[in-house]
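Reading the structure
Below, each chain spelled out in residue letters.
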Amino acid sequence: MSEEKGDELAPTASFSQAERDAVYRAIYERRDVRDEFLEEEIPRETILRVLQAAHHAPSVGFMQPWNFVLVRDGAIRARIREAFEAAVARETREIPEERQALYRSLKLQGIMKAPLNICVTCDRARHGATGLGRTQQKDMDLLSTACAVQNLWLAARAEGVGVGWVSILREEDLRAILGIPEEIAIVAYLCVGFIERAYRRPELEVKRWAKRLPLAELIFENHWGERSE
Ligand SMILES: Cc1cc2c(cc1C)N(C[C@H](O)[C@H](O)[C@H](O)COP(=O)(O)O)c1[nH]c(=O)[nH]c(=O)c1N2
């Protein structure tokens with residue numbers, strides 16, 4: 001035990017109603033943004049605040065396996081955009097016939113429009129190949145990195161910055177274009193920029209691709225399939 005002075009348990013200060021409202025507002029008003037990005041550069045301090053929020057995400061064994069590759073260069077983003085187009089062509093073939101027209105009408109990325117792209121990676125061997133909390137469930141490092149992405153997404157919303165997650169990209173293309181080593185996993189490719197307008201509901205719901213499921217249908221009591229009366 002090597003606790004330092006000030007490290008003892010302290011009372012948890014409660015949130016005021018306004019603070020609670022702000023937290024829930026960030027959660028409910030966060031959107032996946034594809035097309036509404038402004039050209040304006042995001043100040044370095046704002047980017048760092050958002051990344052600091054990501055860096056304070058929970059992680060298995062406090063592993064903090066993430067890195068953030070900040071991509072601003074237009075030529076690099078153009079190559080990623082090309083890789084996206086090729087990936088969309090492949091994905092289109094897997095979409096059921098009756099949904100193809102709707103799929104093709106969707107805007108699914110803002111790689112060139114957003115002034116900043118961020119590739120979030122996971123170093124699966126950080127602090128050793130195995131570790132606390134990860135011996136039985138091997139992908140906990142990847143899930144920890146997803147927690148960091150969510151923190152980033154929420155903090156960005158509070159900063160007036162929109163984020164769009166683009167997963168229609170082959171990992172090998174991102175790896176080659178961004179020079180990411182083989183041993184580093186790629187978790188998220190994000191388009192990031194200030195926004196002034198956003199949908200109030202998920203764009204995929206507005207465009208009738210999918211609906212939000214009723215929460216009550218997703219909750220079981222004690223055993224899978226058991227619902228409360
Ligand atoms: C892991 C992962 C991967 C993707 C996404 C999200 C997540 C969590 N989403 C965004 C997704 O469509 C969106 O979150 C939902 O439609 C819900 O909308 P809101 O995020 O609430 O606006 C997403 N959107 C998109 O246009 N292209 C994409 O490739 C992806 N990929």
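Remember, it's a predicted structure, so these values are computed and weren't measured experimentally. (Residues numbered from 1 in each chain as written. Predicted model: local features only at pLDDT ≥ 70, side-chain atom pairs only at ≥ 80, totals over all residues. Heavy atoms only, no water.)

**A short note on the nonpolar core**
Grouped together as the largest cluster of nonpolar side chains are 28 residues, with contacts concentrated most on I80, F84, L169, L178 and Y189. It is helix α3 (residues 74-94) that contributes the most residues to this core, five residues altogether. Not counting chain neighbours up to four residues away, the residues in contact with F84 comprise L108, Q109, I111, V166, I168 and L169. Residues I42, L116, V192 and F194 belong to the second largest nonpolar core, which totals 25 residues. (Core = buried A, V, L, I, M, F, W, Y, C linked by side-chain atoms within 4.5 Å. Buried < 20%, exposed > 50% of the residue type's maximum accessible area, 1.4 Å probe, protein only. Helix = DSSP H or I, 4+ residues; strand = E, 2+ residues; numbered from the N terminus. Contact = heavy atoms within 4.5 Å.)

**Examining helix α2 (residues 44-55)**
With 12 residues, α2 should reach 16 Å at 1.5 Å per residue; the first-to-last C-alpha distance of 16 Å fits that figure. Listed in full, the buried residues belonging to α2 are T46, I47, V50, L51 and A54. Summarising the axial view, the buried residues of α2 lie within an arc of 130°, below the 170-degree limit, and thus occupy one face. Next to the buried residues of α2 lie β1 (66-71), β2 (116-123), α5 (140-158) and β3 (161-165). (Expected span 1.5 Å × (residues − 1). Arc of directions from axis to C-beta.)

**A short note on the UniProt feature "domain: Nitroreductase" (unreviewed entry) in the protein**
Taking the UniProt record as the reference, the feature "domain: Nitroreductase" (unreviewed entry) is found at residues 27-193. Secondary structure across residues 27-193 comprises 41% helix and 17% strand; the distance between its end C-alpha atoms is 18 Å. (UniProt positions renumbered as here; feature names shortened; annotations may be inferred.)

**Focus on the side chain of R175**
Structurally, R175 can be placed in helix α6 (residues 171-178). Given the relative accessible area of 12%, R175 is considered buried. Contacts of R175, omitting those with residues within four sequence positions, involve I180, P181, E182, I184, A185 and I186.

**Structural notes on the packing of aromatic side chains**
For the coordinates displayed, the defined rule picks out four aromatic pairs. Ring geometry for W153 against W165: centres 6.0 Å apart, planes inclined by 50°, an arrangement best described as tilted. Here W153, found in helix α5, pairs with W165, found in strand β3; they are 12 residues apart in sequence, far enough to count as distant. Exposure remark for W153: the relative accessible area of 11% places this residue in the buried category. Here the aromatic rings of F220 and W224 are separated by 4.6 Å at their centres, their planes lie at 70°, and the arrangement is edge-to-face. Assessed through its relative accessible area of 79%, W224 is described here as exposed. Across the ring face of W153, the terminal group of R30 is positioned such that the distance to the ring centre comes to 4.4 Å. Here the basic side chain of R99 rests over the ring of W209, its NZ or CZ set 3.9 Å away from the ring centre. (Phe/Tyr/Trp six-rings, centres within 6.5 Å; stacked < 30°, edge-to-face > 60°. Lys NZ or Arg CZ within 6 Å of the ring centre and 35° of its normal.)

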